[in-house]
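Fold and geometry: a report
Chain residues, written in single-letter form:
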Number of protein chains: 2
Amino acid sequence: MPRPAEALLDVISDWGVDRLFTCPGSTEAAVLDALVLRTDVELVLTTHEGVAVSMADGLARVTRRPTVAYLHANVGLTNGLSNLGAAQLAYSPVVVLNGLKPSSIQAREGFTTARRMRDLVHQYVKSDWQSLTAPAIPEDVNRAFRTAVTEPAGPVWVALSQDLMESTTDVAVPDTASYRFDSRVRPAPDAVRAAADLLAAAERPVLVAGSELARVGAVDALVRLAERLGAPVLHEDRRGFERPGFPTDHPHFRGQYEVGNPLVRRADLLAFLGARVFNEFEPARVPPLPAGVPVVHSHIDPKHVGMIYGVDAALIGDQRLVLEALFDALPPVPSREVPPAAPAVPRTPSAPGGPLQPADVVDVITDSLRGSAIVGDATTAGGILQQRAHQHTGDDYFVSTSGSLGWGMGAALGIAMGMPHRHVAAVLGDGVFQFGLPALWSAARGGLPVTYVVMNNQSYAAVGAALRRYGGEAVARQRYPGVDIAGPRIADISTAFGVPGRRVDNLADLRECLDTARTVDHPTLVEVMTDPAAFGP
Amino acid sequence: MPRPAEALLDVISDWGVDRLFTCPGSTEAAVLDALVLRTDVELVLTTHEGVAVSMADGLARVTRRPTVAYLHANVGLTNGLSNLGAAQLAYSPVVVLNGLKPSSIQAREGFTTARRMRDLVHQYVKSDWQSLTAPAIPEDVNRAFRTAVTEPAGPVWVALSQDLMESTTDVAVPDTASYRFDSRVRPAPDAVRAAADLLAAAERPVLVAGSELARVGAVDALVRLAERLGAPVLHEDRRGFERPGFPTDHPHFRGQYEVGNPLVRRADLLAFLGARVFNEFEPARVPPLPAGVPVVHSHIDPKHVGMIYGVDAALIGDQRLVLEALFDALPPVPSREVPPAAPAVPRTPSAPGGPLQPADVVDVITDSLRGSAIVGDATTAGGILQQRAHQHTGDDYFVSTSGSLGWGMGAALGIAMGMPHRHVAAVLGDGVFQFGLPALWSAARGGLPVTYVVMNNQSYAAVGAALRRYGGEAVARQRYPGVDIAGPRIADISTAFGVPGRRVDNLADLRECLDTARTVDHPTLVEVMTDPAAFGP
């Protein structure tokens with residue numbers, strides 16, 4: 001029988017995991033040592049725990065398989081928390097292993113210990129546990145995988161004390177195969193029938209496609225349902241959107257949910273499928289649901305259904321199973337015309353020669369990177385990007401609703417690992433960039449041809465926009481404290497990390513950079529200077 | 001009466017705080033707006049919450065006054081946690097204000113909310129509270145200051161929801177003066193007498209100077225006591241050491257506490273004064289206290305006394321008051337000779353032309369930067385640096401025992417703000433550097449003439465050392481996974497941030513860089529390439 005570190009790697013490998021993302025410390029010596037002889041599990045070294053977690057998250061999102069991030073002590077855990085929040089909101093089955101100092105010095109409040117490690121993490125994971133004996137480690141880690149992948153999936157945390165990991169005890173490895181099962185559920189028949197009847201009876205139903213559809217591969221199921229219903233489809237509200245649940249090039253696609261959308265205003269039924277209702281950024285100024293319109297809400301996670309607004313039909317379950325069950329239960333549906341898309345609002349072209357406007361830059365990005373998978377992590381430009389990015393499959397666009405800045409820089413690398421045949425680009429703000437810097441080290445080391453596009457408005461534009469909404473002295477005096485972050489030469493920082501960077505200040509150069517970036521076999525970065533005065537909405 | 005945001009700034013200002021360190025988001029709009037018209041409180045913008053916290057911590061350490069870091073939502077708090085741990089271990093009175101999303105969307109699990117914010121932070125602060133009403137904000141913040149500065153001092157956390165902060169309610173500002181009082185305590189007379197008698201009766205007492213002495217300005221009190229006792233003085237054990245508690249150039253100084261030190265082995269009394277006994281890195285292989293030797297332990301924080309080892313006399317209280325009381329209570333002391341220092345072990349000079357050895361580099365740093373305050377944040381080279389750095393006052397050398405990598409990059413800026421007439425240098429490892437990168441933005445923006453010295457061994461040498469201690473396959477095959485982090489051109493990264501950097505690979509160039517750095521009026525960075533094979537102890 002193997003020792004704990006080998007047994008741990010056996011369990012990981014049995015679960016189909018072939019990479020271990022980590023930023024290690026001395027508490028991880030046993031597992032690092034055990035990796036010396038392994039060919040089935042690759043150590044992916046990172047230089048910050050936030051990168052380890054976001055890479056593991058990104059890889060899990062596209063492979064729909066569990067991944068592992070191994071963090072170091074309390075300091076490593078806290079550094080990884082904010083991106084762990086991103087993994088949680090995306091239902092990513094990231095198993096977080098956390099090396100702890102030896103048991104005897106934990107009680108003594110020794111170096112990098114915390115008396116209540118679990119308090120730090122419990123809100124970000126489905127389960128938190130500290131292994132109590134060496135023989136329990138393989139079982140605990142196996143259970144962590146089981147819990148992480150069981151729907152609704154999500155991160156799980158297991159703490160492993162150094163003394164237990166370095167124990168010379170031989171330990172048993174569980175038969176992990178018998179812990180892998182189809183954990184998807186579907187709603188009760190009555191619930192399906194009630195929802196199907198509502199959908200069939202509605203004259204002007206609107207379907208809202210949530211991020212869950214992409215996660216579980218149910219986009220095609222929604223296409224089939226929408227076509228059968230003759231219903232228009234919207235992507236879910238911007239603040240809940242993480243991935244496209246419906247192809248933006250499908251004839252039924254009609255943009256993004258917002259209560260002011262004419263389709264929503266005239267709807268007599270709203271069906272939110274795998275969407276959040278809603279992930280609020282701030283208290284709504286106008287009610288985000290039109291009054292008196294029946295609501296169908298379907299989600300894998302019961303906590304989201306009825307979280308804020310009551311529903312007329314609830315469908316708890318896996319989105320593919322839900323959509324298939326709805327399809328099968330639909331009574332004959334009257335023929336309906338999908339209402340035409342609202343005419344595109346012509347955009348005022350930017351003044352030639354002036355500073356680049358975010359919308360113009362986004363147009364070039366989405367045009368040049370058509371066919372690439374895009375990871376969005378740009379606070380104020382994110383909204384425009386999301387509206388304009390071409391999204392045919394659920395794997396074409398990724399964003400986090402966690403607010404964890406810098407997530408996209410590591411996530412893009414994990415996503416690229418999971419989609420080796422696609423070009424991946426991350427579109428970042430300059431503020432965001434400073435939160436994810438160590439990901440550049442991983443990009444350079446890994447050599448994956450990821451393209452980073454940094455829209456550098458030299459500002460915390462979101463703070464500027466908040467001050468403008470606040471409408472106080474900042475607006476009166478046109479002085480916006482906490483906004484100006486000008487200074488860094490981002491392209492040069494990237495180059496110094498080993499990711500060749502270039503700064504551009506016009507759209508032609510941007511286009512050229514992006515065209516080149518898609519053809520090279522290494523990561524690159526383009527920094528595009530945009531208007532600091534464009535605070536966004 | 002002012003509104004909540006103005007009242008908050010009134011309280012802050014009344015407590016003598018003239019800077020507010022923050023990396024803001026939209027939840028902080030009210031306080032940012034209120035700052036537009038203030039001249040008494042300066043907004044110090046940072047580009048990462050870890051930097052905001054470490055700057056506030058550094059400033060508090062040298063000014064011995066409270067400071068304020070204002071963090072944003074759950075994501076900002078988690079990003080700041082690891083450096084908050086450093087502030088806690090240093091008893092830094094950092095008041096952490098935490099902007100939260102509006103109350104109504106907290107319950108709804110809206111964007112960047114957490115249901116149990118306090119669980120994230122409670123282990124790192126003396127008190128955690130979320131203001132429940134707008135009028136309570138000034139009182140809650142005032143109480144936070146009172147709690148932070150009351151001894152034992154330390155960080156305090158107050159969460160402020162956006163809706164309360166943006167309330168148009170007029171609120172009362174407490175008379176903060178009546179909450180400021182001398183909270184120092186001294187031990188009971190019997191405890192002082194018992195300890196004084198032990199000290200006087202011992203023939204070979206050894207005093208161990210802890211970091212607490214520097215924090216409260218009691219170094220001179222220990223000098224007086226040591227001279228009266230004729231006793232040798234050691235700095236506390238490396239793992240507990242944060243600041244020098246005794247001048248390294250004093251004739252009684254005899255190095256750093258370790259049980260193998262001949263002075264310790266022959267001692268018949270050990271007095272640990274404001275020191276930790278001990279902050280263990282791992283379980284001790286040999287007992288860290290010699291058997292049968294009586295122990296006097298004095299600390300402001302009762303939790304450290306008797307934490308691991310029993311004591312023969314305990315002195316709970318402020319270190320200056322303790323030392324003064326001991327001095328006054330000492331019976332006549334027999335004349336004693338301070339035993340001579342052990343002869344310095346001659347160091348093998350490095351092979352000329354080979355890669356630079358850490359010890360040689362440290363020699364140049366400590367020699368060139370004599371007179372500068374040094375902030376140490378180098379994992380493996382830290383031990384050598386601490387032994388060799390000239391430390392005449394308690395403000396000559398700063399390190400964190402938290403294990404929070406990158407802390408020193410921001411802390412050095414706060415320390416420089418608090419000591420405008422001294423040159424401050426931070427000595428970093430290259431691994432550490434990647435954890436504190438956004439501090440370079442603050443360095444460039446603030447323009448303080450801080451010198452960053454990065455010892456670049458292109459390695460996580462601590463991990464290499466751990467694998468060597470582990471003695472498994474890594475050693476057998478001389479393959480050290482998780483160690484090689486070569487790649488980044490650190491000096492170039494710094495330059496691109498606006499902090500002119502230079503890479504050197506020989507001691508003459510290093511010396512020249514450091515000499516120049518001390519004369520310029522802006523921050524600089526020197527990257528010195530050292531031997532990747534030198535894993536350290």
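That block above? That's the structure.
A few points on the structure. (Residues numbered from 1 in each chain as written. Chains lettered and ligands numbered in written order. Predicted model: local features only at pLDDT ≥ 70, side-chain atom pairs only at ≥ 80, totals over all residues. Heavy atoms only, no water.)

**Looking at the overall build of chain A**
Threshold: A run of H or I in DSSP counts as a helix once it spans at least four residues, and a run of E counts as a strand once it spans at least two, with each numbered from the N terminus. This radius of gyration counts C-alpha atoms alone. The globule rule is 2.2 Å times how many residues there are, raised to the power 0.38. Only protein chains enter the accessibility calculation, which uses a 1.4 Å probe; a residue whose area is less than 20% of its type maximum is buried, one above 50% is exposed, and one in between is partly exposed. The contact criterion used is simple: two residues touch if any of their non-hydrogen atoms lie within 4.5 Å. His is not counted, nor are the chain ends, whereas Lys and Arg count as positive and Asp and Glu as negative. Charge positions are represented by NZ for Lys, CZ for Arg, CG for Asp and CD for Glu.
A count of helical and extended segments in chain A gives 22 helices and 18 strands. Taken over C-alpha atoms, the radius of gyration comes to 24 Å for chain A, in line with the 24 Å a tight globule of 537 residues would show. Summarising its shape, the C-alpha atoms of chain A cover approximately 70 × 60 × 45 Å along the three principal directions. A buried classification covers 64% of the 537 residues belonging to chain A. Long-range contacts, defined as pairs at least 24 residues apart, comprise 77% of the intrachain contacts of chain A with a sequence gap of at least 6. Here chain A carries 47 positive and 58 negative side-chain charges, and the mean point of each set is 3 Å from the other.

**Brief notes about the packing of aromatic side chains**
Short version of the rule: Planes of paired rings set the category: under 30 degrees apart is stacked, over 60 is edge-to-face and the rest tilted, where pairs are Phe, Tyr or Trp rings (Trp by its six-membered ring) whose centres lie within 6.5 Å. Charge-over-ring placement is defined geometrically: NZ (Lys) or CZ (Arg) within 6 Å of the ring centre, and within 35 degrees of the ring normal.
Here the structure, examined in full by the defined rule, presents 14 aromatic pairs over all chains. With centroids separated by 5.4 Å and ring planes inclined at 25°, the aromatic side chains of Y257(A) and F278(A) adopt a geometry described as stacked. Of this pair, Y257(A) sits in the loop between β9 (253–256) and α12 (262–266) while F278(A) sits in the loop between β10 (269–273) and β11 (295–299), and the two are 21 residues apart along the sequence. With a relative accessible area of 6%, F278(A) lands in the buried category. The rings of Y257(A), F272(A), F278(A) and Y309(A) are connected pair by pair, giving a single aromatic cluster. Its guanidinium or amino end placed over the ring of F281(A), R239(A) lies 3.9 Å from that ring's centre, counting from NZ or CZ. Against the face of W15(B) rests R180(B), its NZ or CZ located 5.2 Å from the ring centre.

**Structural notes on the packing of helix α3 (residues 49–63) of chain A against helix α16 (residues 407–418) of chain A**
Residues and elements named next belong to chain A. What counts, and what does not: For helices, the axis comes from a line fit to the C-alpha atoms of the stretch in contact; other axes are also lines fit to C-alpha atoms, and the angle between any two N-to-C directions lies between 0 and 180 degrees. An angle counts as roughly parallel when it lies under 35 degrees, as roughly antiparallel when it exceeds 145, as roughly perpendicular when it falls between 65 and 115, and as oblique in every other case. For a crossing to be left-handed, the near helix must be turned anticlockwise from the far one by less than a right angle; the clockwise case is right-handed. Side-chain classes are defined by residue name, with Ala, Val, Leu, Ile, Met, Phe, Trp, Tyr, Cys and Pro counting as nonpolar, Asp, Glu, Lys and Arg as charged, and the others, Gly among them, as polar.
Where α3 meets α16, the closest approach of the two axes is 6 Å, and the angle between their N-to-C directions is 45°. Considered as vectors, α3 and α16 are oriented oblique to each other. Viewed along their axes, α3 and α16 form a crossing whose handedness is right-handed. Each of V51, S54, M55, D57, G58, L59, R61, V62 and T63 in α3 lies in contact with α16, whose residues at this interface are W407, G410, A411, L413, G414, I415, M417 and G418. Residue composition of the contact of α3 with α16, grouped by class: nine nonpolar, six polar and two charged.

**Some remarks on the interface of chain A and chain B**
The following threshold applies: Summed over both partners, the accessible surface that disappears when two parts come together, traced with a 1.4 Å probe, is what is meant by buried area. A carboxyl oxygen of Asp or Glu within 4 Å of a side-chain nitrogen of Lys or Arg is what we treat as a salt bridge. Contacts described as polar in this section are N or O atom pairs within 3.5 Å, which, within protein, must combine one atom able to donate a hydrogen with one able to accept it, while residues neighboring in sequence count only if both atoms come from side chains.
At the interface, 87 residues of chain A touch 87 residues of chain B. A combined buried area of about 7,500 Å² lies between chain A and chain B, and 60% of that area is made up of carbon and sulfur atoms. Contact with chain B buries surface across chain A, with R108(A), F111(A) and Y470(A) losing the most and accounting together for 9% of the total. On inspection of chain A and its partner chain B, the count reaches six salt bridges. Measuring nitrogen to oxygen at the nearest pair gives 2.7 Å for the salt bridge that ties K303(A) to E109(B). Where chain A meets chain B, there are 36 residue pairs in polar contact (both at pLDDT 80 or more).

**Digging into the pattern of salt bridges**
Residue and element names in this part refer to chain A. Summed over all chains, the structure comprises 64 salt bridges over all chains. We note a salt bridge from R489 to D492, for which the minimum N-O separation is 2.7 Å. Among the charged side chains, a salt-bridge network with shared partners connects D10, R38 and D40.

**Observations concerning the sheet that holds strand β4 (residues 94–100) of chain A**
All names here are of chain A. The criterion, for reference: DSSP-based pairing: two strands are paired if at least 2 bridges between them are found.
Spatially, the six strands line up as an open sheet ordered β2-β1-β3-β4-β6-β5, and their pairing is parallel. On the outer flanks of this sheet lie β2 (42–45) and β5 (128–130), each paired with one strand and no other. Averaged over all adjacent pairs, the angle separating strand axes in this sheet is 25°, with direction ignored. Inspection of the sheet shows strand β1 (residues 19–22) paired to β2 by four bridges, in the parallel sense.

**Some details on the sheet that holds strand β15 (residues 424–429) of chain A**
Residues and elements named next belong to chain A. Judged by pairing direction, the sheet is parallel, and its six strands sit side by side in the order β14-β13-β15-β16-β18-β17 without closing on themselves. A strand with exactly one partner marks an edge of an open sheet, and here the two such strands are β14 (397–399) and β17 (501–504). With strand direction ignored, the average angle separating the axes of adjacent strands in the sheet is 20°. Of the pairings in the sheet, the one linking strand β13 (residues 373–377) to β15 comprises five bridges and is parallel in character. Within β15, the position partnered with A373 by the bridge is V424.

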